Amino acid sequence: MNIRRSIVPAAVAGAAVLGLATTLTACSANATDGRTNGKLDVVASFYPMQFLAQRIGGGHVHVSSLTKPGAEPHDLDISARQTADLSKAGLVVYLKGLQPAVDAAIGQAEPKHVADAASFTTLEDHGTEVDGGHEHGDDEHGDEDAGSDPHIWLDPVRYAQVAEGVGKALQKADPDNAADYKKNTAALVKQLGTLNDDFKTGLKNRTSNTFITTHAAFGYLAERYGLRQEAISGVDPESEPSPARMKALHSVAEKEKVGTVFFETLVSDKTAKTLAGDLHLRTDVLDPIEGISDQSKGDDYFEVMHANLKALQTALGAK
């Protein structure tokens, strides 16, 4: 997830695309109008983008995702068929910087209409510690794991900004149905506003601000609601914590009286459970909603976000 990671997936994707230049040329020569059976073909990079496209597009769109349900999205490899689908799509919705292979494939396929979620809001550098009570908490500590944080969808306010951008992109790609897209966008933004209110109210009367989680996916959420995120790993879920980091987490847990260590559904829970066992703490799931799987506590974004709220309320002693 960290932009400074190895770019091997992107290189492999780029090589595959270049090796299939003739195929792609043929595809572009027989390009469709980006529709199937009258519906706009929308290709989303992973679940949070897919959810927006489906909710805003409604019955006017056919949405497919490059990332299969339950799959960890960060190291996605793009097939030749998926690249061809990108070139023919009516709209591609993605988050630049999250999936290098997707970025490379979009650059090669050059779809006519593209919506980059990162361009609709602001991204920040976050590391293993994000203190929502201080404007630049992680920068002050010189966090060596700090990197551009793509998890904007976990902040309902930023996600609403992205929704508005995707809505405008759909209106541009399919102006005949612009009125419906505008209406659906407004309804979704309103629902995200209610979710934001639910978090503010639900976390208002808490006894602690600090939570420990597997990787630094919840920095924007922590900033939004004045919480302190302490992550085992940085924004890259596959990075290994140093002995110094694990020692620091022991100190944080004891000082801040942390009672819960959170793990996730799509990455290994081994380190989180080891830390919890060492400190005799309970474990629970805090889902970054990078995909919906059988282990998810809900069937869609809103259900899982409300499950996350309940988990945080329990962990932070919110009444």
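Below you will find a few notes about this structure. (Residues numbered from 1 in each chain as written. Predicted model: local features only at pLDDT ≥ 70, side-chain atom pairs only at ≥ 80, totals over all residues. Heavy atoms only, no water.)

As enumerated under the stated definition, the model contains nine aromatic pairs in all. When the ring of Phe199 is compared with that of Tyr225, the centres are 5.3 Å apart and the planes differ by 20°; the resulting orientation is stacked. Taken together, the positions of Phe199 in helix H8 (residues 178-202) and Tyr225 in helix H9 (residues 219-225) put the pair 26 residues apart, joining distant regions of the chain. According to the relative accessible area criterion, Phe199 is buried, its value standing at 0%. Residue classification places Tyr225 among the buried positions, given a relative accessible area of 7%. Taking the centre distance of 6.4 Å and the plane angle of 70° together, the rings of Phe211 and Phe262 count as edge-to-face. Within this pair, whereas Phe211 is found in strand S9 (residues 210-215), its partner Phe262 is found in strand S11 (residues 260-263), the two being separated by 51 residues in sequence. Site record: aromatic cluster; members linked through ring pairs are Tyr47, Phe51, Tyr159, Tyr301 and Phe302. (Phe/Tyr/Trp six-rings, centres within 6.5 Å; stacked < 30°, edge-to-face > 60°. Helix = DSSP H or I, 4+ residues; strand = E, 2+ residues; numbered from the N terminus. Buried < 20%, exposed > 50% of the residue type's maximum accessible area, 1.4 Å probe, protein only.)

With that out of the way, let us pick up the pairing of S11. Of the two faces of S11, the one lined by Thr260 and Phe262 and the one lined by Val261 and Phe263 are each fully buried. Here two bridges tie S9 to S11, and the two strands are oriented parallel to one another. Bridging across to S11, Thr213 finds its partner in Phe262. Both S11 and strand S12 (residues 282-285) contribute to a ladder of four bridges, which runs parallel. (Pairing = 2+ DSSP bridges.)

Our next topic: the packing of helix H4 (residues 80-88) against helix H5 (residues 100-109). Put simply, H4 and H5 touch, their axes get as near as 9 Å, and they point 55° apart. By the angle class used here, H4 and H5 are oblique. Like other packed secondary-structure pairs, H4 and H5 cross with a definite hand, here right-handed. Residues Thr83, Leu86 and Ser87 of H4 pack against Ala105, Ile106 and Ala109 of H5. The residue makeup of the contact of H4 with H5, split by class, is four nonpolar, two polar and no charged. (Axes fitted to C-alpha atoms, helices over the stretch in contact; angles between N-to-C directions. Parallel < 35°, antiparallel > 145°, perpendicular 65-115°, else oblique. Left-handed = near helix turned anticlockwise from the far one by under 90°. Contact = heavy atoms within 4.5 Å. Nonpolar A, V, L, I, M, F, W, Y, C, P; charged D, E, K, R; others polar.)

Another aspect to go through is the sheet that holds S11. Strand order across the open sheet formed by five strands is S7-S10-S9-S11-S12, with mixed pairing between neighbours. Each end of this open sheet is capped by a strand with a single partner; those strands are strand S7 (129-131) and S12. On average, each strand axis in the sheet is tilted by 25° relative to the strand beside it, whichever way the strands run. Taken strand by strand, helix H11 (residues 270-279) contacts S9, strand S10 (228-233), S11 and S12, and its axis lies near 170° from that of S11.

Before going further, it helps to examine H5. Taken as a whole, H5 has its buried residues at Ala101, Val102, Ala105, Ile106 and Ala109. The arc enclosing the buried residues of H5, seen along the axis, measures out at 130°, which places them on a common side. Within two residues after H5, Glu110 carries a phi angle of roughly 50°, on the positive side. (Arc of directions from axis to C-beta.)

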